Number of protein chains: 4
Amino acid sequence: MRSENGQKTKSFKQRLVLKNSLAKEALSEFLGTFIMIVLGCGSVAQAVLSRGHFGGIVTLNVGFAMSVAMAIYVTGGVSGGHINPAVSFAMCLFGRMKWFKFPFYVGAQFLGAFVGAATLFGIYYDGFMSFAGGKLLIVGENATAHIFATYPAPYLSLTNAFADQVMSTMFLLILVFAIFDSKNLGVPRGLEPIVIGLLIIVLSGSLGLNSGCAMNPARDLSPRLFTALAGWGFEVFTVGNNFWWIPVVGPLVGAVIGGLVYVLLIEIHHPNPNPDFEVEQSEDKPEKYEFSVIM
Amino acid sequence: MRSENGQKTKSFKQRLVLKNSLAKEALSEFLGTFIMIVLGCGSVAQAVLSRGHFGGIVTLNVGFAMSVAMAIYVTGGVSGGHINPAVSFAMCLFGRMKWFKFPFYVGAQFLGAFVGAATLFGIYYDGFMSFAGGKLLIVGENATAHIFATYPAPYLSLTNAFADQVMSTMFLLILVFAIFDSKNLGVPRGLEPIVIGLLIIVLSGSLGLNSGCAMNPARDLSPRLFTALAGWGFEVFTVGNNFWWIPVVGPLVGAVIGGLVYVLLIEIHHPNPNPDFEVEQSEDKPEKYEFSVIM
Amino acid sequence: MRSENGQKTKSFKQRLVLKNSLAKEALSEFLGTFIMIVLGCGSVAQAVLSRGHFGGIVTLNVGFAMSVAMAIYVTGGVSGGHINPAVSFAMCLFGRMKWFKFPFYVGAQFLGAFVGAATLFGIYYDGFMSFAGGKLLIVGENATAHIFATYPAPYLSLTNAFADQVMSTMFLLILVFAIFDSKNLGVPRGLEPIVIGLLIIVLSGSLGLNSGCAMNPARDLSPRLFTALAGWGFEVFTVGNNFWWIPVVGPLVGAVIGGLVYVLLIEIHHPNPNPDFEVEQSEDKPEKYEFSVIM
Amino acid sequence: MRSENGQKTKSFKQRLVLKNSLAKEALSEFLGTFIMIVLGCGSVAQAVLSRGHFGGIVTLNVGFAMSVAMAIYVTGGVSGGHINPAVSFAMCLFGRMKWFKFPFYVGAQFLGAFVGAATLFGIYYDGFMSFAGGKLLIVGENATAHIFATYPAPYLSLTNAFADQVMSTMFLLILVFAIFDSKNLGVPRGLEPIVIGLLIIVLSGSLGLNSGCAMNPARDLSPRLFTALAGWGFEVFTVGNNFWWIPVVGPLVGAVIGGLVYVLLIEIHHPNPNPDFEVEQSEDKPEKYEFSVIM
């Protein structure tokens, strides 16, 4: 009887197991981005909804940064822990990931961020309902839309806003490339998420004043869309001189520049036992290369 | 003479040594939960009793989180460092611990938390006596009951409160499973307590506003019972619409869901050299399996 | 010529090298305690002298804790990084250090702390002179004596104060024993100072309200003596009902209890391949044992 | 066609690769100091430009410290991650780097810091323009010059200011020597940047009140020069009794003293299997020695 039962269980479990590597990677990116949004935007929610009594700039920056670290712990060994279309974009562009995976990664990231925003709204539903008499506002001292998406500071022009997103994502990618460059100082395996978390703390504490340092199209656009649908209204897209596209396009540009800066100024000059530079984009063993570089 | 003396000492020491593996594990869980409550609730006490002058949301969240980390350093190599009935419950349910150990673990955790609360009360006895003219209050600006147990925010309904405890414990368990999953990114041995500490910082900084993010029946119920007996009165159980059972039952449900989410979305899809999934619950070498997974 | 010169240099250097192991260990403890006091009490100084504008409870707790970590990085590989007579006392009592070293360690610690207090006073001399019109005060809002030594909260009785120092040092030693217990979870070599730093953050954030969580006779008594001599006057010894001896005696008692708790509840029950418990205090290879346990 | 194309790409890439070890090290120091200034001074900028609403002493100290850590991750494996002329000076003086490299390192550091200051000014251009009605001020509550360079506290004499920079850099170098001393406790490879970051947190939290704890001629002088040219005016050099040279000369003196203290009190006494102390400055394999010590 036991073996029979065991057989059944085995086959049921086996049906749940994804044979397709891409499918499990997409699932991983979905879960990672979901976790990042619930806990990251949740840190903003706690500060905003408590009007600063149970959160502030320190808990918020540390919270978002460490929610990224936690998301990478859940996804790092499966999908590389991108949880950011700009990172996936750079990885493809610099030969660390194959392009056909890109839409699946990005789709999973956008979906995970949307579901994460909805989940967070659910967890704090009573809080949102009591915060401003049930009103979901985008501007003013009772605004709550910036819990989910980033909005520009009053002084910020669109040009400066775009430069801001390009530059901050550039620094993000320079460091991501450095952290996973085994020919540089490197980070002990299993501690990369913590170092990336510390990096996000630095970035959001230094370049966060202009527009909140999104550096991630999925982190910003999906929750913004959720707020538009959930009751804040489609003004979330028009305020700030139609600011919404800045944290979508800026990070993609910045990620490319960041990767270029690191490769051209540091990586390309490493002493190379093998003088052939064509190892990137080679068709034979891309999976292995990808993991050895990213992970 | 020396050898004689040595013999005596040896036999005295040997009498103290617990031969029973379960007894030493229970002792370890008792000590760990005790440490967590004295230092964790102590962080809340310092903030409350100093009316914010020597503590606030940052010291409190970091303090509770790192008290968990310290408790795991004391217990991790002996009993797995659960210090939480919801964690023990999930470990049993997912085949990482044998069910017969469960009541001993949980009993030790509840007892350790109760003794911890009493010890903390003793350490700050003069402080409690001078804080509100010697009155031990549950509500109002001179309240001190929330030093020991969690209470819901004024806006919170019971439904939302239950969902809150389920969700936050779900995230706790997803990450605990990820941190100890050697086929994922993993954490270097000996640093798991630090990463779990950072996780608690994220969780209490993002999902702590509703009701303080207990996520642990022993951490909440035992100190609450202590306050009821020590002078705050049994209203600690009735306030907040009889809130007390939420952080007891919610975490158990959330732990199961969290374990399921991680196993179904991540763990089950890992490439498996051995296609037989029956390794869980196997009777032959459970002790070894348990430690290889949890530790 | 070069070899001749080299010979000279060599012999000069050789004259500086301490052949005596105890002498270099004492030198190491002196330097470590010196660093801890300058940077640790310096963190308090920055908060007090800026009246909270450039420091507060967070910078102060983190600063003191990480100054301990830094002191251990400088001394850990040479003298075990005690920088605390209570720790040295427990190490001797539990057979981790030979008693004849004890007075040298403690002397170096007291001397290092005194020189550290004097150095800090020098670094902030202009600040002290301008803070309260050049007056060096012990009580009141312009007090600066608590930059150097700990003072009890107004509500605190001597009994509670003594219990407070015993208990906080007990937790310190339980964790120090756990961190260096290779049969427990352990900490990766080279990261023990960071974990001890995090421990100090927890302790000073949770048990610091009563009297500042000194937990170290040298850290408290030497700077107090310095302030008595440097102009604050000998009232630093009499205020708080002659509080000064509490952070001297309390930690010694607490360290013993802490060691006992860890050994009796955890360490003694580890599965032991060698059933003979007399390895402690054995005369043959104490140096090796000492380092394998402490380091 | 592919191989032809590959050939072309290869030769283009090869033309970009720096054969000269010194050139790539200088490039690395340039990039590292650039990153440190943008993110480090950026942390100050966020606190100042938001008038404390999105940054304060905690985010600022942590931000600058971790920007140093990030800069070392980018440069550590290539140029040793000095990003500070005082560190390079000590490394040369104590035989860890050859003197002929010194001007190139320092030049790259000063250049990187200047470009970093200019880049930060660009990123926050709209913020600077709106902060004080477009005025770039050096003193008063609307001052922004201290975002880039350090200025002395009102109470500080030049003598005390000089002692302050000497002492703080002394502690910096004592710890840098300890962290990379493989015969002491040491730090796991790849985590040195984090420990140095924690060190900077301690130093700027304890010895930062006098004049901001620059401890680095390039970090202070280059951004100061930038502000002089960018519109703050050359009073940035004259205010504070011509304070500008203190954080340039003081750190060089302090670095030498710090190195001496560590070598004389700790390093020289390590048990040495090879009694010949001339290994420093040996001409045969300096590169290897340099890396084994610094990295």
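Bear in mind the structure is a predicted one, so any value in this text is a computation, not a measurement.

A. Structural context of the overall build of chain A. A tally of regular secondary structure across chain A gives 12 helices and zero strands. Per-residue burial for chain A yields a buried fraction of 63% across its 295 residues. Counted over contacts in chain A with a minimum sequence separation of 6, partners at least 24 positions apart contribute 78%. Carbon together with sulfur atoms contributes 66% to the accessible area of chain A, which is approximately 10500 Å² in total.

B. Geometry of the interface of chain B and chain C. Taken together, the contact pairs 55 residues of chain B with 46 residues of chain C. In this structure, the connection of chain B to chain C is made through zero salt bridges. For the pair chain B and chain C, the interface holds 13 residue pairs in polar contact (both at pLDDT 80 or more). Mapped onto the side of chain B that touches chain C, the elements with two or more residues apiece are helix 1 (2-16), helix 2 (21-49), helix 3 (57-79), helix 5 (102-123), helix 6 (125-131) and helix 8 (192-206) of chain B. Examining the composition of the side of chain B that touches chain C, we find that 14 residues originate from one element, helix 3 of chain B, more than from any other.

C. Representation of the interface of chain A and chain B. Every contact between the two is made by 55 residues of chain A and, on the other side, 46 residues of chain B. Summing both partners gives a buried area of about 4100 Å² for chain A against chain B, and 73% of it is carried by carbon and sulfur. Taken as a group, Y73, I123 and D126 of chain A account for 15% of the area that chain A buries against chain B, more than any other trio of residues on that side. Across the contact surface, chain A and chain B share zero salt bridges. Along the contact surface separating chain A from chain B lie 13 residue pairs in polar contact (both at pLDDT 80 or more). Looking at the side of chain A that touches chain B, the elements with two or more residues in it are helix 1 (2-16), helix 2 (21-49), helix 3 (57-79), helix 5 (102-123), helix 6 (125-131) and helix 8 (192-206) of chain A.

D. Representation of unusual backbone geometry in the model. You will see that R51 of chain B, though not glycine, has its phi angle at about 50°, which is positive. The residue I83 of chain C is not glycine, and still its phi comes out positive at about 40°. Note on placement: I83 of chain C falls in the loop between helix 3 (57-79) and helix 4 (85-93). Take I83 of chain C: its relative accessible area is 3%, and that puts it in the buried class.

E. Structural view of the pattern of salt bridges. Considering all chains together, one arrives at 12 salt bridges over all chains under this definition. Among the ionic pairs, D220 of chain B bridges to R224 of chain B, the shortest N-O distance being 2.6 Å. With D220 of chain B and R224 of chain B both in helix 9 (residues 217-232) and four residues apart, the pair spans about one turn of that helix. With its nearest N and O atoms 3.1 Å apart, the salt bridge here joins K101 of chain D to E25 of chain D. Here the residue K101 of chain D occupies a position in the loop between helix 4 (85-93) and helix 5 (102-123), and E25 of chain D occupies one in helix 2 (residues 21-49), the gap between them amounting to 76 residues. Among the residues examined, K101 of chain D registers a relative accessible area of 2% and is labelled buried.

F. Molecular detail of the packing of helix 2 (residues 21-49) of chain C against helix 7 (residues 158-179) of chain D. Closest axis-to-axis distance for the helix 2 of chain C/helix 7 of chain D pair is 12 Å, and the angle between their directions is 135°. On the basis of the axis angle, helix 2 of chain C is oblique to helix 7 of chain D. Seen along the crossing, helix 2 of chain C lies across helix 7 of chain D with a hand that is left-handed. Within the contact between the two elements, helix 2 of chain C uses F34, I35, V38 and L39 of chain C and helix 7 of chain D uses M170, F171, I174 and L175 of chain D. By residue class, the composition of the contact of helix 2 of chain C with helix 7 of chain D is eight nonpolar, no polar and no charged.

G. Local environment of the relation of the copies chain A and chain B. Of the transformation placing chain A onto chain B, the axial shift is 0.0 Å and the rotation is 90°, giving an RMSD of 0.0 Å. Such values leave the two copies arranged in the relation of a four-fold axis. It is V58 of chain A whose C-alpha, among those of chain A, lies nearest the rotation axis, at 5.3 Å. Little of the interface of chain A is mirrored in chain B, where only 4% of its interface residues again form contacts.

H. Structural context of the UniProt feature "transmembrane region" (unreviewed entry) in chain A. All names here are of chain A. As recorded in UniProt, the feature "transmembrane region" (unreviewed entry) lies at residues 30-49, 55-81, 102-125, 161-179, 191-209 and 243-265. Its end C-alpha atoms 27 Å apart, residues 55-81 is made of 85% helix and 0% strand. Segment residues 161-179 splits into 100% helix and 0% strand. End C-alpha atoms: 27 Å apart.

I. Structural context of the relation of the copies chain B and chain C. Between chain B and chain C, which share one sequence, the superposing operator has a rotation angle of 90° and an axial displacement of 0.0 Å; the RMSD is 0.0 Å. Comparing interface residues between copies, only 4% of those in chain B also sit at the interface in chain C, which points to a heterologous contact through distinct surfaces.

J. View of the side chain of N61 of chain B. Tracing the backbone shows N61 of chain B in helix 3. Residue classification places N61 of chain B among the buried residues on the basis of a relative accessible area of 7%.

K. Structural view of the side chain of T59 of chain C. Locating T59 of chain C in the fold gives a position in helix 3. For T59 of chain C, the residues in contact, after removing those within four places along its chain, are S43 of chain C together with I57 and V58 of chain D.

L. Region of interest: helix 9 (residues 217-232) of chain D. All names here are of chain D. The end-to-end C-alpha distance of helix 9, which contains 16 residues, comes to just 20 Å, noticeably less than the 22 Å that a straight helix rising 1.5 Å per residue would cover. Inspection of helix 9 places P217, A218, R219, D220, L221, S222, P223, R224, F226, T227, A228 and W232 among the buried residues, and these make up the whole buried set. Taking the backbone nitrogen of A218 as reference, a side-chain oxygen 3.0 Å away marks N216 as the first, capping residue of helix 9. Note on helix 9: the residue one or two positions beyond its end, G233, has a positive phi of about 90°.

M. Just the packing of helix 4 of chain D against helix 7 of chain D, in detail. Residue and element names in this part refer to chain D. Contact geometry of helix 4 with helix 7 gives a least axis separation of 11 Å together with a crossing angle of 55°. The angle between helix 4 and helix 7 places the two elements in the oblique class. Judged by the sense of rotation from one axis to the other, the crossing of helix 4 with helix 7 is right-handed. Where helix 4 approaches helix 7, its residues A86, V87, A90 and M91 are matched on the opposing element by T169, L173, V176 and F177. Partitioned by chemical class, the residues of the contact of helix 4 with helix 7 number seven nonpolar, one polar and no charged.

N. Region of the structure containing the packing of aromatic side chains. Following the criterion strictly, the structure yields 76 aromatic pairs over all chains and no others. Judged by centre distance (5.6 Å) and plane angle (65°), the ring pair of F121 of chain A and F226 of chain A falls under edge-to-face. Within this pair, whereas F121 of chain A is found in helix 5, its partner F226 of chain A is found in helix 9 (residues 217-232), the two being separated by 105 residues in sequence. Here F121 of chain A falls in the buried class, since its relative accessible area comes to 11%. Accessibility expressed as a relative area gives 9% for F226 of chain A, which makes it buried. Taken together through their ring pairs, the aromatic side chains of F114, F121, Y125, F128, F148, F226 and W232 of chain A make up a single cluster. It is R224 of chain B that lies over the ring of Y151 of chain B; its NZ or CZ is 4.9 Å from the centre.

O. Representation of the environment of A108 of chain A within the structure. All names here are of chain A. Summarising the element assignment, A108 is placed in helix 5. For A108, a relative accessible area of 8% corresponds to the buried category. Each C-alpha atom of the pair A108 and E267 lies 30 Å from the other, and the pair is 159 residues apart in sequence. Contacts of A108, omitting those with residues within four sequence positions, involve A26, E29 and F30.

P. How the structure looks around the environment of V256 of chain A. Tracing the backbone shows V256 of chain A in helix 11 (residues 246-265). When sequence neighbours within four positions are dropped, the list of residues in contact with V256 of chain A reads F89, L93 and F94 of chain A.

Q. Summary view of the environment of I57 of chain C. Summarising the element assignment, I57 of chain C is placed in helix 3. A C-alpha to C-alpha distance of 22 Å links I57 of chain C and L136 of chain C, two positions 79 residues apart in sequence. When sequence neighbours within four positions are dropped, the list of residues in contact with I57 of chain C reads Q46, H53, F54, G55 and T59 of chain B.

R. Representation of the state of the cysteines in the model. Residues and elements named next belong to chain A. Under the defined criterion, the tally for this structure stands at zero disulfides over all chains. Here C213 is not cross-linked by a disulfide; its sulfur's nearest cysteine counterpart is in C41, at 14 Å. Judged by relative accessible area, C213 falls into the buried class, the value being 7%.

S. View of the confidence of the model for chain A. Residues and elements named next belong to chain A. Counting all residues, the mean pLDDT for chain A is 90, and 88% of those residues have values of 70 or more. This stretch, residues 1-6, has a pLDDT under 50; its non-local contacts, to residues over four places away or in other chains, come to two contacts. pLDDT under 50 marks residues 275-295. Its contacts with residues more than four places away, or in other chains, come to 42 contacts.

Calculation criteria
All residue numbers refer to positions counted from 1 along the written sequence of the respective chain. Think of it this way: whatever chain is written first is A, whatever ligand is written first is 1, and the rest follow in order. With the structure being a predicted model, the display of local features is reserved for residues of pLDDT at least 70 and the display and counting of side-chain atom pairs for 80 or more, all residues being used for whole-chain, interface and lining totals. For side-chain calculations, the full set of non-hydrogen atoms in the structure is used, while hydrogens and water are omitted. The helix and strand labels rest on DSSP assignments: H or I over at least four residues marks a helix, E over at least two residues marks a strand, and numbering proceeds from the N terminus. Accessibility here uses a 1.4 Å probe with only protein chains present; expressed as a share of the type maximum, an area under 20% marks a residue as buried, one over 50% as exposed, and anything in between as partly exposed. Contacts were defined at the residue level, with two residues in contact if any of their heavy atoms lie within 4.5 Å. For every accessible area listed, the method is Shrake-Rupley and the probe measures 1.4 Å; residues are considered covered only by the protein chains on display. For this document, the term salt bridge refers to a Lys or Arg side-chain nitrogen within 4 Å of an Asp or Glu carboxyl oxygen. Two N or O atoms count as a polar contact when they lie within 3.5 Å, although within protein this holds only if one can serve as hydrogen donor and the other as acceptor, and sequence-adjacent residues are included solely when both atoms are side-chain atoms. Joining two parts hides part of their accessible area as seen by a 1.4 Å probe, and the buried area is that hidden amount summed over both. Between N-to-C directions, angles span 0 to 180 degrees; the directions come from axes that are lines fitted to C-alpha atoms, helices contributing only their stretch in contact. By definition in this entry, angles of less than 35 degrees are roughly parallel, angles greater than 145 are roughly antiparallel, angles of 65 to 115 are roughly perpendicular, and the rest are oblique. Take the far helix as your reference; a near helix turned counterclockwise from it by less than a right angle gives a left-handed crossing, and one turned clockwise gives a right-handed crossing. Three categories are distinguished: nonpolar for Ala, Val, Leu, Ile, Met, Phe, Trp, Tyr, Cys and Pro, charged for Asp, Glu, Lys and Arg, and polar for the others, with Gly belonging to the last. To line up the copies, we fit them by least squares on C-alpha atoms, keeping just the residues with pLDDT of at least 70 in both. UniProt positions are given in the numbering used here, feature names are shortened, and annotations may be inferred rather than shown by experiment. Helix span is expected to be 1.5 Å times the residue number reduced by one. A pair of Phe, Tyr and Trp rings is counted when the ring centres sit within 6.5 Å of each other, with Trp represented by its six-membered ring. The angle between the planes then sorts it: under 30 degrees is stacked, over 60 is edge-to-face, the rest tilted. Put simply, a charge is over a ring when the Lys NZ or the Arg CZ is close to the ring centre, within 6 Å, and near the line of the ring normal, within 35 degrees. Any cysteine sulfur atom paired with another within 2.5 Å is treated as part of a disulfide. A residue's pLDDT is simply how confident the predictor is in it, with values from 0 to 100.

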